[in-house]
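Listed below, chain by chain, are the residues.
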Amino acid sequence: MRLILLGPPGAGKGTQARMLSELGNVPQVSSGDLLRTAVREKTAIGVQVASILERGDLVSDDIVVKLIDERLDASDARNGFILDGFPRSPSQAELLAAMLNRRGAGIDRVLAVMVPDEEIVKRISGRRTCPNCQAMYNVTFEPPKKPDVCDKCGGKLYQREDDAEETVRHRLEVYNANTRPLLDYYTRAGILTEVDGVGRPEEVEKRMVAALDGLVPQERKHK
Ligand code: AP5
Ligand code: MG
């Protein structure tokens, strides 16, 4: 299964990508996670992009494409992947098509997670992330068992630097200007389905699975 998750910041792309990755046994490939890891590890790319991420602007296509291209070469991505946060503009969609063409593959489906702006601001301001295992929580909707401690690995949860309300509103503008046109782009390609992203994560997951129409199993083997 080769899947793209589209949607505004805070729509739940990461949350759903992780759930679907478990169901479909393919990795989540998140451009944001790859970039944040580079920033944390202070690699040459990380140093170059840190302030861009903090402002909520888009990193240049060549940098993101290089990271994604390398990630798709890993053995776990050979049989499929869930792209989260990439592509983010029509130019990146063209670059992705070329990247997959070289591998003799194509995208099976694009799911667009739809959530209203005000809900997004609420969700993002409560988000806490684990720097070790990337698990995600929300102080209101999905709190960790112990405040600021990851349930899964005990890591100290942090708040992303681009999650301040002003920056979130800027990220929404960037989404509307650059990424929203992809809804038409993939509708024209005949592979896009819009999914209502409002409701509990498990409810949204059910809608995603239904929209995937047999591409992933309906149930986890082990609950
Ligand atoms: P990126 O990391 O991709 O961020 P984003 O698109 O802004 O999306 P988020 O990660 O904020 O939200 P999400 O949709 O994953 O939601 P989540 O599941 O976390 O990009 C960050 C930056 O990197 C960009 O601004 C840019 O600078 C750069 N970048 C990345 N990709 C790039 C590219 N391709 N080109 C150029 N630059 C790029 O959920 C949010 C919160 O809500 C969480 O707390 C979660 O627990 C909660 N939640 C989730 N689902 C629900 C639900 N159903 N109900 C209630 N709460 C929920
Ligand atoms: Mg995310």
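Predicted, not measured: the structure shown is a model, and the values here were computed from it.

Cut-offs and rules
Residues numbered from 1 in each chain as written. Chains lettered and ligands numbered in written order. Predicted model: local features only at pLDDT ≥ 70, side-chain atom pairs only at ≥ 80, totals over all residues. Heavy atoms only, no water. Core = buried A, V, L, I, M, F, W, Y, C linked by side-chain atoms within 4.5 Å. Buried < 20%, exposed > 50% of the residue type's maximum accessible area, 1.4 Å probe, protein only. Helix = DSSP H or I, 4+ residues; strand = E, 2+ residues; numbered from the N terminus. Contact = heavy atoms within 4.5 Å. Salt bridge = Lys/Arg side-chain N within 4 Å of Asp/Glu carboxyl O. Near = heavy atom within 4 Å. Polar contact = N/O pair within 3.5 Å; in protein donor to acceptor, adjacent residues only side chain to side chain. Areas by Shrake-Rupley, 256 points an atom, 1.4 Å probe, with all protein chains shown as cover. Axes fitted to C-alpha atoms, helices over the stretch in contact; angles between N-to-C directions. Parallel < 35°, antiparallel > 145°, perpendicular 65-115°, else oblique. Nonpolar A, V, L, I, M, F, W, Y, C, P; charged D, E, K, R; others polar. Pairing = 2+ DSSP bridges.

Draft legend 1. Summary view of the nonpolar core. Ranked by size, the top nonpolar core spans 34 residues in total, and within it L6, L96 and Y186 carry the most contacts. Elements with a contribution of two residues or more to this core: β1 (2–6), α2 (31–40), α3 (44–55), α4 (61–72), β3 (81–84), α5 (90–102), β4 (109–114) and α8 (181–188). Of the residues forming this core, the biggest block, six residues, is contributed by α4. Residue contacts for L96: discarding those within four places in its chain leaves I4, L83, F86, P87, I107 and Y186. Within the second largest apolar cluster, 24 residues are counted, among which are L5, V115, M208 and V216.

Draft legend 2. Layout of the environment of S51. Mapped onto the elements, S51 comes out in helix α3. As a C-alpha pair, S51 and V39 span 12 residues in sequence and 9.5 Å in three-dimensional space.

Draft legend 3. Geometry of the pattern of salt bridges. Summed over the entire model, instances satisfying the criterion amount to 18 salt bridges. For K66, the salt bridge identified is with E70, shortest N-O distance 2.9 Å. Taken together, the positions of K66 and E70, both in helix α4 and four residues apart, correspond to about one turn of that helix. Because the salt bridges share partners, they merge into one network encompassing R127, R160, D162, D163 and R171.

Draft legend 4. Examining the site of ligand 1 more closely. Ligand 1 sits among 36 residues. The nearest are T15, D57, R127, R171 and G199. T15 is positioned such that a nitrogen or oxygen atom in its side chain is 2.6 Å from an oxygen atom of ligand 1. R127 is positioned such that a nitrogen or oxygen atom in its side chain is 2.6 Å from an oxygen atom of ligand 1. Coverage of ligand 1 by the protein chains reaches 97% of its 1000 Å² of free accessible surface.

Draft legend 5. Local environment of the packing of α5 against α8. Two elements in contact, α5 and α8, have axes separated by 9 Å at closest approach and are oriented at 40°. When the axes of α5 and α8 are compared, the pair comes out oblique. Every residue of α8 that contacts α5 at P90, A93, E94 and L96 is listed here: P181, L182, Y185 and Y186. Residues of the contact of α5 with α8, tallied by class, amount to seven nonpolar, no polar and one charged.

Draft legend 6. Here's a closer look at the side chain of D33. Relative to the helices and strands, D33 resides in helix α2. When sequence neighbours within four positions are dropped, the list of residues in contact with D33 reads R18, Q28 and Q134.

Draft legend 7. Seen up close, the sheet that holds β4. Taken in spatial order, the five strands line up as β2-β3-β1-β4-β7 in an open sheet, and their pairing is parallel. At either end of the open sheet lies a strand with only one pairing partner, and these are β2 (28–30) and β7 (192–196). Going from strand to strand, the sheet's axes swing by 25° on average, the running direction of each strand aside. Taken strand by strand, helix α1 (residues 13–24) contacts β1, β2 and β3, and its axis lies near 175° from that of β3.

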